[in-house]
Every structure is written in structure tokens, then in C-alpha cells.
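# Results of the structural survey
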Amino acid sequence: MSESSSFNISASSISNWDYEADVVVAGYGIAGVSAAIEAARAGAEVLVLERSGGWGGAASMAGGFVYLGGGTPLQRALGFEDTVENMKSFMKAALGPGTDDAKIDAYCEGSVDHYNWLVDAGVVFKESFWGQPGWEPPHDDGLMYSGGENAAPFSTSISPAPRGHVPQMSGKNTGEQGGGYMLMKPLVETAQALGVRAEYDLRVQSLVVESDGRVAGIGATRYGEDVYVKARRGVVLAMGSFAFNEEMIRANAPRILGRPAASIEAHDGRAIQMGQSIGAATAHMDATEDAFFCDPQLLVRGLLVNGRGQRYINEDTYPGRLGQATLFHQENQAFLVIDEAAFEEGSASETSSPELLMQPTWVADNAAELEAEMGLSAGSLQATIEQYNRFAAEGTDPLLGKNPSGSSHCAVRWRQSTSWPHRRIHTGRAEDRCRLTGTACFGRTDPGLVRGGTLHFGGLRRRLRQRYQPGRWKLLWPPRRNQRGTGSKVPGWHRDGAGSRGSLIPSPAGQDFWQM
């Protein structure tokens, strides 16, 4: 059996099973471990197959957010009121159009139980709220806004509440060992205590199917050798997204083709293709999340404009919404304009992603000068800034609903600088009411097969209370690997020579240096 072999093979072709269990789970990330625990608690003998040399998957490297609400003990302990109906309303508005309302209803109605499920399994959530703009808390705070709930367009019609629950962890390093590690570790320990077994370095390739269509097991390879695993009662596929499958990206989400993916190589779409090979349906395969390579501490203090110098989204919303709006609707071109005082305050603010505190691309003394440097049509950026400042002085933003106390005058650009961390929702439609454990959704699609999907939200921005006065204008750019300089002048700034990105630092007054 090679990697290019069929996604399903006949059980009659297998003469010997190498392993056997009641329930076989493919993938030892958050969906896989949740399924394993529930199956073991139901009395099944469970075997987990993992492609890498250990448990964790992408979850253990991620920030570890679990989207929970409806009045969890953590929300109540920190003084936040939330209801199941508010949570439903927000999720349907944020995930629409075409949401699976039955699945969302089940998720929200069971959210408090899911929180308790995690706590009972040993996951610890610190009773501390992080209210600063950011992708995630830089410390071990347990709760954060994580989807734009308290920003336009949602906050005006749906009572906001923070729902990003983060496991307590000190010294975390997202991308290596993030808050998700302390989500995975206690769950794996719980699974092991329940007798769940695991086999590692197994690359799952195919479903083994009986003549009547029932899924009987899994075909895999280990170090080039075929391995067959029999499932007496069922198979759970929990092997992640298709972030590393170019063919599937081209077919389902071509707008993100060629963009960097904050995922892991094991997310090759194999599980989805295996399910499809025996008739499983899919939905929302184009619904990707897209991120900016810029810290939200700068985003909320600036004005985001497109290639015509016009604002197109409120900058204090969840950065994933900013990425989608830019990549999908603005030809992946955006500028973040920010004045000097706001830039310096944002750069000095505490954050979980200091590497995303970008340095300016252009610096100018006024909006007209900056507009010319940026190559925008004469008057376009000036009109945008003038309109924003006029209403900000009155404490409003009638165009996009941003809280004007979060910034005063700003503008910035990104070109080809969005990325996509993972799929938001994927996999088969569950006809039956889902049993949701942690962040995993399990819905039966075919006899003997259950497909585990992922339901995820990420990060929010708090509305800041300070006002920032206009000063020298700056234009920021997100990091791009192997970027070469254009040789454009940046008055009053010069390259620091410290790295390949050509960051800029102030130069002596009156001197011009080349931007790299």
C-alpha cells in the first residue's frame, strides 16, 4: 500500500490484522483525544494511531483557545454575563451564511457541560481575564475575547461576552509549545488512565471496507511496511485539515493557494478524502481563516485602508476577520496608517507576539506627503483620514462602527501578506445531534465511521480608552521572507542593519537614508 493508493480498500484483501480494538482513532490531536476519552468511558477498547512520534498534533503548538460560553464557571467568576441564546446568535452571525444551525445549537447548549468536561479531565483555566488587543494572552490568563464579539458589527445587536477559554500555562511559546499543550497534556493523561492505547509513526492511508459498505478498519504504513488495524465497532478520523494538500486547496479554496499555512505537514487532507471515498458529504470547504502578520496592538490604533485609500473594515475587530476582508475582497492589498504617538504606544504595549510589531515602510510629516509616498490617488487618503477624525472627535465612527477611543489618526499597508492558520469548520454534515467534547464535533456519516471536525475561533481586540494625538505618520508592513529592498527613501529613518527584513530606526534630524 503506497501513499498514492486508494482511499479505501476491501476487507477481503487483508489476510492478517496487525492490531485490533473496538474503536480505532486516527490522529492524536485535540479531536482524537476527545473521541478516545468518550469511547473509553463508554466501555470501548480504544486504540489511537498517530502519524508522528508522539501525541499533540497541531493543537499542542497552538494557542489553545477553546470557544465556550453560555455562562461557564470561569465567565461567571470573572463577572461576565453570557447566555446560550447570545452565544448562538453570535456564532450564526459570525459563521454565516449557510450555517449548520442544528450543530451550532447543540454546541452552544452543551457549552457549559463541555467546560466542566475539560475541567474534570484535568484542564486548568485560571480565573484571570486578558483585556488587551492580541492574538492570545501573553501570560497564563484564562479568558479573553476571541472573535470580535465586542466590536462592530456584532456588538450593537448581540450582547458581547468573552468566550476564548485558554488553559493555564507558564512559559508558553506558540508554534513550539503553546497553551494548547496544557490542553492536550491532561487529556492524554486522562485517556491513558482509561486504558487508551496508542501506536505512533503510523501513516494512515485507507479505510478498510466490508462488502456491505461497513468500515472495518484502517490501512496504514510504518517505515514503508503495510499495517492493518481492525476496528470491531468503529473508526474515528481526526487527522486535521488539508492545509498541506495543494490539489485540495486549488479545488476548494483557491484564494489561499500559495499562502503560508500555520499548520503542520500531517494536515494533508487524507482523512477528508478517505471519508469522501465512501460517500461522506462535506460543507464549507472554502471557509478558511486568514491572518495578518501584524500585532493587534498596532492594528487597533491605526486605520486600515485598501489600494484606493478607503477604509473597508473596523480595525478593532478580530484580526482573522481583517485577513478575510483583505484577501477575499481587497485583492490582498491593504495599508495600515498610524501616527507616531499611537505607533510608539502600541509598540511598547505588552503582547504575545512581539515579533509582529512591525517597523514603518514609509514615514511622512502629514497625510498628503504619506499619500504620495504610498502611491495613492491624490486626496484619497486625506479624505479618509479627515472623515474619520471629524467623527472621532464626536466619539463615533458612522462608517464602520469602530470605537474611536481606540485610535485617532492612522493608515498602513499589506500586500500579499495574509496567511491562513487552519480551517474554521470542515468535514461531513452530521445528521444526528452532535456529541461535542472539548472542541471536537462527532457526527455519524457512515456505518462504522465517525469524522471528527474542528470548530474554532481565535483572538479579540479590546476597545482602548486612551486617545492618541496626531503626529508624524508611519506606514507599517508585515514580514515577508527573503524580501529585497526597493531603494525608496524614507526621510528621517534608516536601516538598523540588524536583520534581513530591513527594519527602520530614527536617524539624525534632516538626514535621509535608503530603505532596504
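Residues numbered from 1 in each chain as written. Predicted model: local features only at pLDDT ≥ 70, side-chain atom pairs only at ≥ 80, totals over all residues. Heavy atoms only, no water.

This next bit is on helix α3 (residues 84–95). Look at α3: 16 Å from first C-alpha to last across twelve residues, which is about the 16 Å you get at 1.5 Å a residue. Among all positions of α3, only M87, K88, F90, M91, A94 and L95 are buried. Where α3 is buried, its residues touch β4 (66–67), α4 (101–109) and α5 (111–120). (Helix = DSSP H or I, 4+ residues; strand = E, 2+ residues; numbered from the N terminus. Expected span 1.5 Å × (residues − 1). Buried < 20%, exposed > 50% of the residue type's maximum accessible area, 1.4 Å probe, protein only. Contact = heavy atoms within 4.5 Å.)

Another aspect to go through is the nonpolar core. V33, V46, M91, L118, L187 and V196 are the most contacted members of the largest nonpolar core, which has 42 residues in total. Looking at this core, the elements with two or more residues in it are β2 (19–26), α1 (30–41), β3 (46–49), β4, α3, α4, α5 and α6 (181–193). Examining the composition of this core, we find that seven residues originate from one element, α1, more than from any other. Among all residues touching L187, those that are not within four sequence positions of it are I30, V33, S34, I37, W117, L118, A121 and V123. V209, I218, V229 and L237 belong to the second-largest nonpolar core, a separate cluster that totals 21 residues. (Core = buried A, V, L, I, M, F, W, Y, C linked by side-chain atoms within 4.5 Å.)

The next point concerns the confidence of the model for the protein. Taken residue by residue, the protein gives an average pLDDT of 80. The fraction at 70 or more is 77%. Taken together, the stretch residues 406–474 has pLDDT below 50 and engages in 343 contacts with residues farther than four places along the chain or on a different chain. Overall, residues 476–516 carries pLDDT values under 50, and its contacts beyond four positions in sequence, including any with other chains, amount to 93 contacts. (pLDDT = per-residue confidence, 0-100.)

Pairing is mixed across the open sheet formed by four strands, whose spatial order is β4-β7-β6-β5. Only two strands of the sheet have a single neighbouring strand rather than two, namely β4 and β5 (129–130). In this sheet, strand β6 (residues 143–144) lies alongside β5 in parallel orientation, the contact comprising two bridges. Along β6, the bridge assignment pairs F129 with L143. (Pairing = 2+ DSSP bridges.)

A few words now on the environment of G32. Assignment of secondary structure puts G32 in helix α1. Separated by 205 residues in sequence, G32 and L237 have C-alpha atoms that sit 7.7 Å apart. With residues near it in sequence (within four places) discarded, G32 still touches V25, G27 and A238.

Attention now moves to the environment of S277. In this fold, S277 is placed in helix α8 (residues 270–277). A residue is classified by how much of its surface remains accessible, and S277, at 31% relative accessible area, is partly exposed. Between the alpha carbons of S277 and S206 there is a distance of 9.5 Å; along the sequence they are 71 residues apart. Aside from chain neighbours lying at most four places away, what touches S277 is F7 and N8. A polar atom in the side chain of S277 sits 3.0 Å from the side chain of N8. (Polar contact = N/O pair within 3.5 Å; in protein donor to acceptor, adjacent residues only side chain to side chain.)

Counted under the stated rule, the structure contains eight aromatic pairs. Arranged with centres 5.2 Å apart and planes meeting at 25°, the rings of Y115 and F125 form a pair that is stacked. Here the residue Y115 occupies a position in helix α5, and F125 occupies one in the loop between α5 and β5, the gap between them amounting to ten residues. F125 carries the same exposure label as Y115, and that label is buried. Where W135 meets Y318, the ring centres are 6.3 Å apart and the plane angle is 80°; that geometry is what we call edge-to-face. With W135 in the loop between β5 and β6 and Y318 in the loop between β13 (303–305) and α10 (319–329), this pair connects stretches of sequence that are 183 residues apart. Given the relative accessible area of 15%, W135 is considered buried. Members of the aromatic cluster, connected to one another through ring pairs, are Y67, F90 and F154. (Phe/Tyr/Trp six-rings, centres within 6.5 Å; stacked < 30°, edge-to-face > 60°.)

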